[in-house]
Structure formats: structure tokens, C-alpha cells
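# Descriptive structure summary
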Amino acid sequence: GDHQITAAVVGTGHLGRHHVRLLAAMEGVRCLGAFDTDSDQLRLVTAEHGVAALASVSEAAQAQAVVVATPTVTHREVAGSLLEAGCHVLVEKPMATCLQECDAMIAAAESAVTGDTPEQQLVDLPIETGDILEFVRPGVQNRLFQELRRGRLPPEEMLDLHGLRVAEARRLLA
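Overview of the structure. Since the model is a prediction, treat every value here as computed from it, not as a measurement.

Ordered in space as β2-β1-β3-β4, the four strands form an open sheet in which the pairing is parallel. Two strands close off the open sheet at either side, each with one partner strand: β2 (29-35) and β4 (88-91). Within the sheet, the average angular offset between the axes of one strand and its neighbour, ignoring direction, is 20°. Sheet analysis places strand β1 (residues 5-10) next to β2, joined by six bridges and oriented parallel. Considered in β2, the bridge of T6 is made with R30.

What follows is the structure, given as C-alpha cells:
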């Protein structure tokens, strides 16, 4: 129905093929297909799971959510182009080949969400809640998150600092 998330996979190797299999079978998800530079592997995996063989990363970017399961050395470039296209991106581990690449990818994800340039951003670690790492919203720090979790509205200066308007904070508390 209309409430389905559209998804795609870039990379159909030993990990990517499992993402294709799972997304193809997942309730609430319509798998638009997969892309791989290895056309034989791509044909094999997409045929096995009954999804389309896509022609490019930009074709995969038509999906709302894209899994990147390409060789690690390509993660930054592939994830970067998908983020620029406005996709939600899940990157297979390892995230990248070095910390600098990871930082660049985080900055790209932040600017895709906020429209800010990386220089304007405060990049924070996700907050651990149980065993789930989650962003309430990019740029929201642990302390702000803790305040909201306790059902308190943080001081207005703190909200302004993070570009989080009071109205948005109230919505988070609702």
C-alpha cells in the first residue's frame, strides 16, 4: 500500500545478497531492486529474489532507503551520492577505511538532513538507549536528549544552540 517504504541495495556480494533477500521478503517494504558493477553477480542475486537489476547507483537512489554493501573503499563515495540524492542510507560495516572518511560521511548525512554545510554542524555521537543507538535529530546532544527523556523542556538557550526550536522540542515531548 501507500505506507510501504521503497528500498534498494547497492552491492550484491556476500553481505549485499542477504540484504536483498531480507528486503525482498520484508513486510512494509517494496524492494525496487539492486545494483552491482559485477553484472553476473547482480543477475544471479536479483533473479534469485525476484527483484529488478538496476543499472546504476543513481537508479538505486530512486528508493527512499538504500543499503550500501559495496567494498569498504567505495563506501564514502557511494553513500555520499545517495545522501546527496536525499536517500536514507544504511552502510554495511566497516563504515569506511579510516576515521576521516567516517567523519566526512557523518557530515554529509547531517547536511542532507539539516541543509547546513558541515562547518555549521555540531556532530554528536548517537545516544545509547538500551542496546539501540538512535538520533532524535542530528545535532542534538546527549544532555538535551536526557532532558527530553525526563519529560523536561531544556532551557531555551540550549535549544537555540542546537537549532532546535521550542515547538519542535515540545513535539518530541508529546
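Next comes the rest of the write-up.
Quick look at helix α1 (residues 16-25) now. Of the residues making up α1, those classed as buried are G16, H19, V20 and L23. The arc that holds the buried residues of α1, viewed along the axis, is 100°, so those residues lie on one side.

In this structure, E77 sits in helix α4 (residues 75-84). Sequence separation between E77 and E101 is 24 residues; the distance between their C-alpha atoms is 9.5 Å.

This paragraph deals with the layout of surface pockets. Gaps left between atoms show up when a probe the size of a water molecule is rolled over them. Of the volumes computed, that of the second largest pocket is approximately 310 Å³. Looking at side-chain class alone, the lining of the second largest pocket contains eight nonpolar, nine polar and three charged residues.

Basis of the calculations
Residues numbered from 1 in each chain as written. Predicted model: local features only at pLDDT ≥ 70, side-chain atom pairs only at ≥ 80, totals over all residues. Heavy atoms only, no water. Pairing = 2+ DSSP bridges. Helix = DSSP H or I, 4+ residues; strand = E, 2+ residues; numbered from the N terminus. Axes fitted to C-alpha atoms, helices over the stretch in contact; angles between N-to-C directions. Buried < 20%, exposed > 50% of the residue type's maximum accessible area, 1.4 Å probe, protein only. Arc of directions from axis to C-beta. 1 Å grid on protein atoms, 1.4 Å probe; cavity = no way out; pocket = protein on both sides within 12 Å on 5 of 7 lines; lining within 4 Å. Points joined across faces, edges and corners; volume = space filled by probe spheres on them. Nonpolar A, V, L, I, M, F, W, Y, C, P; charged D, E, K, R; others polar.

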